[in-house]
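Remarks on the overall topology
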Amino acid sequence: MFFDKTAETMPRKELEKLQLERLRRIACYCYERVKMYHDKFDSVKFDPYKIKSLSDIKYMPFTTKADFRDNYPFGMFAVPKRDIVRFHASSGTTGKPTVVGYTKNDLDMWSDCMARLVTAAGATADDTVHIAFGYGLFTGALGLHYGLEKIGATVVPTSSGNTEKNVMLMKDFEATALVSTPSYALHIAEVIESMGYKIGEDIKLTLGLFGSEGCTVEMRDQIEKSLGVFATDNYGMSELIGPGVSGECRERSGLHFNEDHFLPEIIDPLTGEVLPQGERGELVITTLTKEALPVLRYRTRDITRLDYEPCKCGRTHCRMDKTTGRSDDMLKIRGVNVFPSQIESVIMTIPQVAPYYELVVDREGNADTLEVRVELAAAELLDSYKNLEQLRENVKHRLKTVLGIQTKVSLVEPKSMARSAGKAKRIIDNRKK
């Protein structure tokens, strides 16, 4: 099923022609309206009026998170404040928040992009969708909210937290789809069980629209088993628009990019050089149609790969692999690059442990150490020291096979780790102290 079949099945040559037209327009638009881009272009002698091909984008300077902070709050906006109809912002837990804004046309485009992706995932006008994302300055909830309303779905905007009430409303309102982070979906499943409700009878969910944090295939499988849903992943970030950049269809063979609005590249995260098609590297994105806050060559820090072959579903826009991690979340332990997603993929396949974990990085002398704290699935496992040690050694062995290094493994009591209604905090890096 398609929301906008003409756009979503556009032939590659026609799509690239449209992208080039929009790239030329947005580059000149930024040069003329945003001082930061005017100065950046001049500093590298880049002339936006002479763009001849899509490959010319490689000569354009990158935009980073630091640019948003350096130009806080409105220095990167291309329109006057009177044209802004909504502001959003990041949490700003590590400093000033990243502020983003939207014109009316931006909001229309955003809801169209989101409508495409939820339709591709299987949502219809017959669905009642329970949104357990946090509302407010966070872009996730309202992004999906307006996209779902656009296709005619019924939206229940409960927000996150107060999980027992969320579960009660899912039952009473007969929700068929859930929007949340993957980690919160697993917590919801725990609470459903503790309240005595049965999946498929009391809780009638069939579709999961998950995002805002990474989700490995193993975690997806665990969510599907726990909630009885068909789980899909969607991708975006506040700096670009929010959710709506890409998302999975029913084939789940990659996340379809809305390429007529967002132009992706893959670069070497160390050199910044553009990599050939099919290679894995850091995702860089240029917004092609945004008015209030156009962003050129934004370094997402997410590691992925792009596939330009048409999908079996009929969509022709490129697809991105699930991200394997972020270049700035990557841990370097004794010379080895470690991504949290690698550890998650191991933990999710061991039935005796719950899908909750923490990574504690420390330094002993001149050597870095990694402790993986894993929560036990059942209290009965604590009854046998021998069985507990065998389980710990099993986890340790599997992690070494995947990571190539020794880790310390700690097994903690069931339900002793913090549950998150938003993005789960996985890493405690004591080296920074």
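Shown above is the structure to which this text applies.
Everything numeric here is computed off the predicted structure, so don't read it as measured data. Throughout, residues of each chain are indexed from 1 in the direction in which the sequence is written. The predicted origin of the model limits local features to residues at a pLDDT of at least 70 and limits the giving and counting of side-chain atom pairs to 80 or more, whereas totals for whole chains, interfaces and linings rest on all residues. To get the side-chain values, take all heavy atoms of the structure and skip hydrogens and water.

**Thoughts on the overall build of the chain**
Definition in use: Only DSSP runs of H or I reaching four residues or more are called helices, and only runs of E reaching two or more are called strands; each is numbered from the N terminus. Exposed residues in this analysis have more than 50% of their type's maximum accessible area, buried residues have under 20%, and partly exposed residues fall in between, with area computed by a 1.4 Å probe over protein chains only. It only takes one pair of heavy atoms within 4.5 Å for two residues to be counted as in contact.
Counting its regular elements, the chain contains 11 helices and 21 strands. Overall, the chain is about 70 × 55 × 40 Å in size when its C-alpha atoms are taken along their principal axes. The burial tally for the chain puts 52% of its 433 residues in the buried class. Partitioning the intrachain contacts of the chain with sequence separation of at least 6 by distance along the chain shows that 66% fall at a separation of at least 24.

**Some remarks on the environment of G140**
Along the polypeptide, G140 turns up in helix α6 (residues 139-150). Sequence separation of G140 and G242 is 102 residues, and the distance between their C-alpha atoms is 6.1 Å. Beyond its immediate stretch of four places on either side in the chain, G140 contacts F133 and P243.

**What to know about the packing of helix α7 (residues 163-172) against helix α8 (residues 182-194)**
The line we're drawing: Each axis is a line fitted through C-alpha atoms, taken for helices only over the stretch in contact, and angles between the N-to-C directions span 0 to 180 degrees. For classification purposes, angles smaller than 35 degrees are called roughly parallel, those larger than 145 roughly antiparallel, those between 65 and 115 roughly perpendicular, and all remaining angles oblique. Asp, Glu, Lys and Arg are counted as charged, while Ala, Val, Leu, Ile, Met, Phe, Trp, Tyr, Cys and Pro are counted as nonpolar; the rest, among them Gly, fall into the polar class.
It is at 10 Å that the axes of α7 and α8 come closest, and there the two elements cross at 75 degrees. As judged from the angle between their axes, α7 and α8 are roughly perpendicular. Here T163, E164, N166, V167 and M170 of α7 come into contact with α8, specifically with Y184, H187, I188, V191 and I192. A breakdown of the residues in the contact of α7 with α8 according to their chemical character gives 6 nonpolar, 3 polar and 1 charged.

**Here we look at the sheet that holds strand β15 (residues 325-326)**
Test applied: Paired strands, as defined in this entry, are two strands with at least two bridges between them according to DSSP.
In spatial order, the strands read β10-β11-β12-β15; together these 4 strands make up an open sheet with antiparallel pairing. The open sheet has two free edges, formed respectively by β10 (262-267) and β15, since each of these has just one partner strand. The pairing of strand β12 (residues 298-304) with β15 spans 2 bridges and is classified as antiparallel. Bridged to D302 within β15 is R326.

**Focus: the pattern of salt bridges**
Definition in use: We define a salt bridge as a side-chain nitrogen of Lys or Arg found within 4 Å of a carboxyl oxygen belonging to Asp or Glu.
The full count for this structure, using the stated rule, is 26 salt bridges. Where D321 meets R280, a salt bridge forms, and the shortest distance between an N and an O atom there is 3.0 Å. Of this pair, D321 sits in the loop between β14 (319-320) and β15 while R280 is found in the loop between β10 and β11 (281-287), placing the two residues 41 residues apart along the sequence. Overall, R280 belongs to the partly exposed group, its relative accessible area being 39%. The residue E375 makes a salt bridge to R419 at a minimum N-O spacing of 2.7 Å. Within this pair, whereas E375 is found in strand β19 (residues 367-376), its partner R419 is found in the loop between β20 (408-412) and β21 (427-429), the two being separated by 44 residues in sequence. Given a relative accessible area of 1%, E375 falls into the buried group.

**Details of the environment of G214**
Tracing the sequence through the fold places G214 in the loop between β6 (207-210) and α9 (217-227). When its relative accessible area of 48% is taken as the criterion, G214 is described as partly exposed. With 194 residues separating them in the primary sequence, G214 and K408 have C-alpha atoms 24 Å apart. Once you skip the residues sitting within four places of it in the chain, G214 turns out to touch P182 and M219.

**Notes on the state of the cysteines**
Note the cut-off: Cysteine sulfur pairs qualify as disulfides if the two atoms are within 2.5 Å.
Per the stated rule, a full pass over the model turns up 0 disulfides. Just so you know, C30 is unpaired, no disulfide at all, and the nearest cysteine sulfur is the one on C28, 9.5 Å from it. Using a relative accessible area of 0% as the deciding quantity, one classes C30 as buried. Of the cysteine sulfurs around C318, a residue in no disulfide, the closest is that of C311, at 12 Å.

**Concerning the sheet that holds strand β4 (residues 154-156)**
Within a sheet, adjacent strands bond to each other through the backbone by hydrogen bonds, running parallel or antiparallel. With respect to topology, 9 strands assemble into an open sheet ordered β4-β3-β5-β6-β7-β8-β9-β14-β13, the strand pairing being mixed. Strands with a single pairing partner mark the edges of an open sheet, and in this sheet they are β4 and β13 (306-307). In this structure, strand β8 (residues 242-248) lies alongside strand β9 (residues 255-257), joined through 3 bridges in antiparallel fashion. Residue pairing for β9: S246 is matched across the bridge by F257. Its contacts with the sheet place helix α5 (residues 104-121) against β6, β7 (230-237), β8 and β9, and it is angled at close to 30 degrees to β8. Together, β5 (177-180), β6, β7 and β8 form the strand contacts of α9, whose direction differs from that of β7 by roughly 130 degrees.

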